[in-house]
Amino acid sequence: NHSCAMYFQLTIPTRTSLRGVHNIIQNLVPEQRTLIIGIGMGSLLEIKCKNIHNALCEWLINRFDYKNCTLNVHEKVIPITTKDVEIVLGLSCTGLDVSTNRCIADDVKKLSIDLGFQESGLTLSNLKARLMSSNGSCDDNFKRCFILYMLGAILCPTTGLSVKRGFLRVVQDVSNLSNINWSKMILQELITSVKKKREKNQLGLRGCIYFLMVSIF
């Protein structure tokens, strides 16, 4: 079909970076892997896929009903729940609810300094560089940087160069990292992203499009 062939040649902007995730995972030492498993993110260590099929993901996004949280494909209406996110991504669908609303300036400034960044410099490239040069570190800031990168690169990506500022609130208290309801947060971010795309006609793919891509297989 000529129209389908043209459709799947589309390239839609996204900051999802599976290759970046793969590079970081390959660079981890055993102690860091054990730490990541301990904070409930061990399933991310098993990601093998290195590429996002942007056109397929756009097709899925266009069939995602954010009001009813369903995926409407092949004349079927498939409910999407936090349990589905847990099954596909291996991240908890129980635990603490977290807010990703914008942090107040003082919180952002302090945590950014703790992480070694300027307030405006919490970019995916900075986070990746820090993780790639971590030299086996297992301190609290390694945990924060790892989670921030995973949120910005695969779990809750935006179309910008920087990680969403509200994520700093999520990693502020490292003692709670293993108790967070990650699946609920990921699904809520996806719903919000699709809503903004529809209502404001925003370009680009936001939210965990990796989840949608993997869930149909």
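Residues numbered from 1 in each chain as written. Predicted model: local features only at pLDDT ≥ 70, side-chain atom pairs only at ≥ 80, totals over all residues. Heavy atoms only, no water.

Peer 1: I would appreciate a short explanation of the environment of Tyr-149 in the present structure.
Peer 2: Residue position: Tyr-149 is located in helix α8 (residues 140–155). For Tyr-149, a relative accessible area of 3% translates into the label buried. C-alpha of Tyr-149 to C-alpha of Leu-124: the two residues are 25 residues apart in sequence and 6.2 Å apart in space. Each residue touching Tyr-149, except ones within four places of it in the same chain, is listed here: Ser-17, Gly-20, Val-21, Ile-24, Leu-124, Leu-127, Lys-128, Leu-131 and Ile-154. (Helix = DSSP H or I, 4+ residues; strand = E, 2+ residues; numbered from the N terminus. Buried < 20%, exposed > 50% of the residue type's maximum accessible area, 1.4 Å probe, protein only. Contact = heavy atoms within 4.5 Å.)

Peer 1: How should the sheet that holds strand β1 (residues 64–65) be read in this particular structure?
Peer 2: Hydrogen bonds between backbone groups are what pair the strands of a sheet, and the pairing can be parallel or antiparallel. Taken together, the three strands give an open sheet; going across it, the order is β1-β2-β3, and neighbouring strands pair in antiparallel fashion. One side of each edge strand has no neighbouring strand; the edge strands of this open sheet are β1 and β3 (76–79). (Pairing = 2+ DSSP bridges.)

Peer 1: How should the pairing of β3 be read in this particular structure?
Peer 2: The side chains of a regular strand alternate between both faces of the sheet. Across four bridges, strand β2 (residues 70–73) lies against β3 in antiparallel orientation. Across the sheet, the residue bridging to Val-73 is Lys-76, located in β3. With antiparallel pairing between neighbouring strands as the criterion, β2 and β3 make up a hairpin whose turn holds two residues, including His-74 at a positive phi of roughly 50°.

Functional significance is not addressed by these values, which are geometric in nature.
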